[in-house]
Structure formats: C-alpha cells, structure tokens
Amino acid sequence: MALLPILQYPDPRLHKVAAPVQQVDERIRQLVRDMAQTMYEAPGVGLAATQVDVHERVVVIDISDEGNDLHVLINPEITWKSEDKQVYEEGCLSVPGVYDEVERAAKIHVRALNEQGEPFEFDAEGLLAVCVQHELDHLLGKVFVEYLSGLKQNRIRTRLRKQQREAERELDQV
Ligand code: GNR
Ligand code: NI
C-alpha cells in the first residue's frame, strides 16, 4: 500500500483526458488499493486517477460516514442523467480550501467495471450522484472550479499558486 501525492490546481496535468483501462489486472488492482488509501487518509469521499497523475479511467468513492462502503469504478460511463438538477456545495482534494455551489443532474445511471473486470450498473442520487459526476469530470480533465465564474477561477488560481509558493518556502527553510 502507498499514499500517492495529489496534484494541486492549477497543475496542467489535471486537464489531461484519461484513457480507458485496457485490462483489469494486478497493476490496476494495486492502483485501486493505493487510491483508496490516499482517499481515506486525505480524507475525501472520492478520488479519480487523474488526481494522482495516472491518466486511466479509474475512480474510487466512499460517501459512508464509517468509511466502509468503497465503490471501485473502472471505465465508468454515465448512461442516463435526469432532467432535474441539484445544487451542492462541492470541494476537491486538488483545490484545497475552496468550496462552492455546482449544479448537476439530480439522478444518474452509471455503468462500470469492478476490480475483477466484470460489468455492473447502479442508480445514484444525492451526494453519490454529485460525487460520480465530479469524479468523471476529473477523468475528462475537468475540475469543478471550471463551473464557476471566470473571476472566481482567477482568484482561486492566484490564491492557490501563492499558497503553493509559501508551502515550498517553508520546506526550503528546513
Ligand atoms: O472529498 C470530496 N468531497 C466532495 C464534496 C462535495 C462534492 C464533491 C466532493 S469530491 C471530494 C474529493 C475529490 O476531490 N474528488 O475528486
Ligand atoms: Ni475532486
């Protein structure tokens, strides 16, 4: 098991488009274990492979309070979205300290492969639907702040670049 470093916005690698997994093998299962550990440690309710600089379609999600309900989604696709929308205050492990409202489909139907490479499907609503849509955006190179106004995006970029410079300076001092 290993904790993986999480890319921080505005890193250009967050905008790469992930390729489908060709074969669900031991390499992918190891990636899933490392991503799950990284998500739980953060802590977060989801993590896309893009965020750990692996550009393949792999997502882990656990929205349970106890952290005992891991969803592993390989090559996930949203096959249906409801017309009705919900607004949720989102955050992202790649955009620390930023929370803002995003409107997305309220209900979705999802198709994916599990860790054995077997297809499965499920319906999602509420936080799970938010999270699946947020993670699938990551696989397409899209970060939730891109739904916000250009002004907000500029402010967020400036603030995070400054934070990252200061964090590096602290490290240099030791
Ligand atoms: O931990 C996370 N919380 C969260 C809250 C509201 C909407 C989406 C999320 S996902 C986020 C983890 C993350 O960045 N996944 O990509
Ligand atoms: Ni995110």
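The paragraphs below set out a description of the structure included in this document.

A word on the coordination of the nickel ion (ligand 2)
Here's step 1: The nickel ion (ligand 2) binds to the protein through C92 (SG), H134 (NE2) and H138 (NE2), with metal-donor distances spanning 2.1 to 2.3 Å.
Here's step 2: The exposure class of H134 is buried, given its relative accessible area of 7%.

Focus on the environment of K85
Here's step 1: Structurally, the position occupied by K85 is in strand β4 (residues 85-90).
Here's step 2: With 77 residues separating them along the chain, K85 and Q8 place their C-alpha atoms 28 Å apart.
Here's step 3: If we ignore the near neighbours within four places in the chain, the residues touching K85 are E103, R104, A105 and A106.

A short note on helix α2 (residues 126-139)
Here's step 1: Relative to the 20 Å expected for 14 residues at 1.5 Å per residue, α2 spans 21 Å between its end C-alpha atoms, a close match to the ideal helical length.
Here's step 2: Counting buried positions along α2 gives 12 out of 14 residues, so the element sits mostly inside the fold.
Here's step 3: All of the buried residues along α2 are L128, A129, V130, C131, V132, Q133, H134, E135, L136, D137, H138 and L139.
Here's step 4: Looking one or two places after α2, you find G141, whose phi comes out positive at around 85 degrees.

Digging into the side chain of T50
Here's step 1: Position of T50 among the secondary structure elements: in the loop between β1 (46-48) and β2 (58-61).
Here's step 2: Exposure remark for T50: the relative accessible area of 0% places this residue in the buried category.
Here's step 3: Within the structure, the side chain of T50 is placed 3.2 Å from the backbone oxygen of H138, a separation counted as a polar contact.
Here's step 4: Beyond its immediate sequence surroundings of up to four residues, T50 is in contact with L7, R13, L14, K16, A18, H55, H138 and L139.

Some remarks on the pairing of strand β7 (residues 119-125)
Here's step 1: Strand direction decides the pairing type here: strand β6 (residues 107-113) and β7, joined by seven bridges, are antiparallel. Residue pairing across strands places I108 opposite A124, the latter belonging to β7.
Here's step 2: Between β6 and β7, which pair antiparallel in sequence order, lie five residues; one of them, G117, sits at a positive phi of approximately 80 degrees.

What about the nonpolar core?
Here's step 1: Grouped together as the largest cluster of nonpolar side chains are 17 residues, with contacts concentrated most on I61, L73, I108, F122 and V132.
Here's step 2: For this core, the elements supplying multiple residues, two or more each, are β2, β6, β7 and α2.
Here's step 3: With six residues, α2 is the single largest residue contributor to this core.
Here's step 4: Excluding residues that lie within four positions of it along the chain, F122 makes contacts with L73, I108, H109, V110, L128 and V132.
Here's step 5: By size, the runner-up hydrophobic cluster in this structure holds 14 residues, among which are L31, L47, V60 and I74.

Here we look at helix α1 (residues 26-41)
Residues three or four positions apart in an α-helix share a direction because the helix packs 3.6 residues into each turn.
Here's step 1: Helix length check: α1, at 16 residues, gives a terminal C-alpha distance of 22 Å against a target of 22 Å (1.5 Å per residue), a fit within 8%.
Here's step 2: When α1 is considered as a whole, its buried residues turn out to be I28, L31, V32, D34, M35, A36, T38 and M39.
Here's step 3: Contacts from the buried residues of α1 go to β1, β2 and β3 (71-81).

Looking at the pattern of salt bridges
Here's step 1: By the definition in use, this model includes 12 salt bridges.
Here's step 2: For R104, the salt bridge goes to D137, with nearest N and O atoms at 2.9 Å. Residue R104 is located in strand β5 (residues 100-105), and its partner D137 is located in helix α2; the two are separated by 33 residues in the primary sequence. D137 carries the same exposure label as R104, and that label is buried.

The rules behind the values
Residues numbered from 1 in each chain as written. Chains lettered and ligands numbered in written order. Predicted model: local features only at pLDDT ≥ 70, side-chain atom pairs only at ≥ 80, totals over all residues. Heavy atoms only, no water. Donors = N, O, S within 2.8 Å, 3.2 Å for Na, K, Ca; no water. Buried < 20%, exposed > 50% of the residue type's maximum accessible area, 1.4 Å probe, protein only. Helix = DSSP H or I, 4+ residues; strand = E, 2+ residues; numbered from the N terminus. Contact = heavy atoms within 4.5 Å. Expected span 1.5 Å × (residues − 1). Polar contact = N/O pair within 3.5 Å; in protein donor to acceptor, adjacent residues only side chain to side chain. Pairing = 2+ DSSP bridges. Core = buried A, V, L, I, M, F, W, Y, C linked by side-chain atoms within 4.5 Å. Salt bridge = Lys/Arg side-chain N within 4 Å of Asp/Glu carboxyl O.

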